[in-house]
Amino acid sequence: MAIGETAEVSEAQIAVHWREEEYIQPSRRFTGQANASDPAIRERFAEENFPECFREYADLLSWDRYWHTTLDTSNPPFWRWFVGGRLNASYNCVDRHLETRPNQAALIWVPEPEAEATQAITYRELYRRVNAFASLLRDYCGLRTGDRVTFHLPMVPELPVAMLAAARLGIVHSQVFGGFSGNACGERIADSQSRVLVTMDGYYRSGELVDHKVKADEAVARAAELGQKVDRVLVFRRHPGEYASKTPMVEGRDVFVDDVIEEHQRAVVAPVSLPAEAPLFLMYTSGTTGRPKGAQHSIGGYLAYVTGTSKYYQDIHPGDTYWCMADIGWITGHSYIVYGPLSLGTTSVMYEGVPTYPDAGRPWRIAERLGVNIFHTAPTSIRMLRKVGPDEPAKYDYHFKHMTTVGEPIEPDVWRWYHEVVGKGEAAIVDTWWQTETGGFLGSTIPGLEPMKPGSCGPGALGIYPIVYDEEGNEVPRGSGKAGNICIRNPWPGIMQTVWGQPERFVQTYYQKYCRNPQSKDWHDWPYFAGDGAVQAADGYFRILGRVDDVINVAGHRLGTKELESASITVAEVAEAAAVPVIDELRGKAVEMYISLKPGFSAGADVEEKVVHAIESEIGKIARPKNVWIVPDMPKTRSGKIMRRVIAGISNFADVGDITTLANPEVVEQIKHHVQSEKVARGQVPRELSAQEMSELQAFGKAD
Ligand code: PRX
């Protein structure tokens, strides 16, 4: 079926025609040791036991004071979990393990240069480092409970140390992904009103020591433009005593951490006992409109949720060596490198660099050397590792009991390679579907109890009751072969509390669409709108099709079309810009920009370059478009709206669908001719799209 051919179904109900995959059972060896091995667990988390079922997760934590109300729904959709309880996240991830396992590695950090020594940081050592940095934040920077602090750190152990130090004092951390540009960081500093920025001089990527501090200067300047002054920049040094950046340190503002930490080295900072409802961190993410939004996560609900799901879905035991190859700058790293695994007292591995550096055997050498037995990554890395080193895993003597795929839909044949070659047929796989906003997993199989099905995430996670709605709010029944908008009917402890500083945007983005009665205090009237298209098979398993809003998921990173377009129109020649996804063999999707020029300007490679440069400097290199197309005009509706789906069809050599409602249908042929002949010349003609890819493209921008 082609884009636009939705004859018998409404827009939300894209018919999905693909073959059902066969189930694959986890091995007995895995199920025999699994944390979730009692089938009654599903009943414990059944709807009749909601919300008290989540006590089971909260009871995994150490509380200073037990809560009196598990869920308070008096001000929907601002749910409050474990009300009355007090705890500290840093205590739960560090201090409470000191008695039982002081000398077990909490973190093992693998630097990118293979000759550089791996660092094992024991729980005792982590405790020391966290206390010292907390003392620095409090006594040197003057930060207090409730203040925000921005980190712009790469994948180094200083990052989890800084997070746990902030958490110790109830300072709300906002870690900005290290690959984001200085400008993007500055916007997030301003939005969160941080006056302290913590950064690093440089880090290794693909064999190069990248200058990172240069971005701090850009960030501080952008924040100042937006009205937020940064008065202190703490700079870690990748090699203490040396400086990896070309930018000068700014007198009075910038300071090397290794110069000032000495007198804090032996400090003991008592963990502050905080209400479960206090914020733990902000994580900025892209949406349909406007600037990125700061998803605010709580201490009690969030920590309970990531601890519980790490136990049952990641199957983490304290004795495991667990490696999640994500970046801590994204929610996956917060929940499933730092907070969940450390709360359970396991050993969490962090890797600084690129998985294929210096060659495609690197991840498997790391796994072999460290004895990693749980491995967690995204489809984009799996595709890359399969492409460049399909036979590498077999050469190394490692054994994973469990593996995760997360962040984008995974093609069944990629899934099978992951299972057979990376997992050596031994590992149980979970395909976990969730979002920045949701704190932890929403959809997944329970690895020891439910069979895997390639390409499907599985049923709703424990205590999560998903539903698929059509545009009108009617349920799309399971097994109907039709897709719709996946929603979660109930609140859960990991859900974000609000959009930082914009509560109305929180309500509008996630709840307005399907709220049955805005006056109601009953959670049943407030389904959470996830913004993803999905189809539910007869067995209850969900297959996620991707975003229905204007978000493009590139290599598992969320990019808002609006942000890409705003960056493009900062170029003086550009009148209008539209961003669309193209199916990409490795990254899942890549971005293509369509640009129209202001009168008097003519198309040329220089304009294309300026657009690329603007995007890299406003957002970061991850957002670099695959192509920039300069077109005479954008296809538009009569009301002047750009029809992104039409150009997405062109970019993907798919049918553009019905264009009779356009104000300027003639432009479509022109654009198509220009773009497609150029793509042929560049050798970019895609193979025929699979049914899944078609559905993903159809889902894009459907909420327009
Ligand atoms: O479209 C879904 C996709 O990633 C989006 C969330 O992105 P982000 O907030 O960056 O969080 C990524 C880490 C959880 C979702 O709306 N997505 C996430 N996991 C899956 C997925 N799509 C398909 N399958 C998944 N397992």
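Whatever comes next refers back to the structure up there.
So, here is what we can say about the structure in this document. Just so it is clear, the model here is predicted, and its values are computed rather than measured. (Residues numbered from 1 in each chain as written. Predicted model: local features only at pLDDT ≥ 70, side-chain atom pairs only at ≥ 80, totals over all residues. Heavy atoms only, no water.)

### Description of the site of the ligand
Rule in force here: Proximity is defined per residue: if any heavy atom of the residue lies within 4 Å of a molecule or strand, that residue is considered near it. Between N or O atoms, a polar contact is any pair within 3.5 Å; within protein, one atom must be a potential hydrogen donor and the other a potential acceptor, and residues adjacent in sequence are included only when both atoms are from side chains. Methods summary: accessible areas were calculated by the Shrake-Rupley approach with a probe of 1.4 Å, and residue burial reflects only the protein chains presented. Secondary structure elements are defined from DSSP: runs of H or I of at least 4 residues count as helices, runs of E of at least 2 residues count as strands, and each element is numbered from the N terminus. Three residue categories are used. Nonpolar comprises Ala, Val, Leu, Ile, Met, Phe, Trp, Tyr, Cys and Pro, charged comprises Asp, Glu, Lys and Arg, and polar comprises the others, including Gly.
Looking at the ligand, there are 17 residues lining it, with Asp 431, Thr 432, Thr 436, Asp 532 and Arg 547 nearest. A distance of 3.2 Å separates an oxygen atom of the ligand from a polar side-chain atom of Asn 553. Residue Arg 558 places a side-chain N or O atom 2.8 Å away from an oxygen atom belonging to the ligand. Contact with the protein chains removes 96% of the 540 Å² of surface that the ligand exposes when unbound. Of all the secondary structure elements, the ones that give two or more residues to the shell around the ligand are helix H11 (331-343), strand E20 (428-432) and strand E25 (542-547). Residues belonging to the shell around the ligand are distributed by class as follows: six nonpolar, six polar and five charged.

### Regarding the packing of aromatic side chains
Our working rule: Pairing of aromatic side chains requires ring centres within 6.5 Å, counting the rings of Phe and Tyr and the six-membered ring of Trp. Pairs whose planes differ by under 30 degrees are stacked, by over 60 edge-to-face, and all others tilted. Only protein chains enter the calculation, and the probe is 1.4 Å; a residue is then buried if its accessible area is under 20% of its type maximum, exposed if over 50%, and partly exposed in between. We call a charge positioned over a ring when the NZ of a Lys or the CZ of an Arg lies within 6 Å of the ring centre and within 35 degrees of the ring normal.
Applying the stated rule across the entire model yields 45 aromatic pairs. Consider the rings of Phe 506 and Tyr 511, whose centres lie 5.5 Å apart with planes at 65 degrees: the pair is edge-to-face. The exposure classification of Phe 506 matches that of Tyr 511, with both residues buried. Sitting over the ring of Phe 256, Arg 237 keeps its end group 3.6 Å from the ring centre. Directly above the aromatic system of Phe 529 lies the positively charged group of Lys 513, at a separation of 5.7 Å from the ring centroid.

### Describing the sheet that holds strand E7 (residues 172-175)
Consider a sheet: its strands pair through backbone hydrogen bonds, and that pairing is either parallel or antiparallel. Rules: For two strands to be treated as a pair, DSSP must find at least two bridges joining them. Should any heavy atoms of two residues lie within 4.5 Å, those residues are counted as being in contact. Whenever a helix is involved, its axis is fitted only over the stretch in contact; in every case the axis is a line through C-alpha atoms, and angles between N-to-C directions fall within 0 to 180 degrees.
Spatially, E12-E11-E8-E6-E7-E14-E15-E23 is the arrangement adopted by the eight strands of the open sheet, whose pairing is mixed. Sheet topology places strand E12 (254-256) and strand E23 (498-499) at the edges, where each strand pairs with a single neighbour. As defined by bridge partners, strand E6 (residues 148-151) adjoins strand E8 (residues 196-200) across two bridges and the pair is classed as parallel. By the bridge assignment for E8, Thr 150 is matched with Leu 197. The sheet contacts of helix H10 (residues 300-312) involve strand E14 (279-285) and strand E15 (293-298), and relative to E15 the element is tilted by about 80 degrees.

### Quick word on the state of the cysteines
Applicable threshold: Working definition: a disulfide is two cysteine sulfur atoms within 2.5 Å of each other.
This structure, assessed with the given rule, holds zero disulfides. Free of any disulfide, Cys 93 has its nearest neighbouring cysteine sulfur in Cys 324, separated by 15 Å.

### Structural notes on the pairing of strand E30 (residues 627-630)
This is how the line gets drawn: Consider the strands pointing away from the viewer: the crossover is right-handed when the path from the first strand over the helix to the second runs clockwise.
Residue alternation in E30 divides its side chains into two sets, Asn 627 and Trp 629 and Val 628 and Ile 630, and both sets are buried. As paired elements, strand E29 (residues 588-597) and E30 share four bridges and run parallel to each other. In the sheet register, Met 593 faces E30, and the bridge partner there is Val 628. The parallel pair E29 and E30, bridged by helix H17 (residues 605-618), forms a crossover whose chirality is right-handed.

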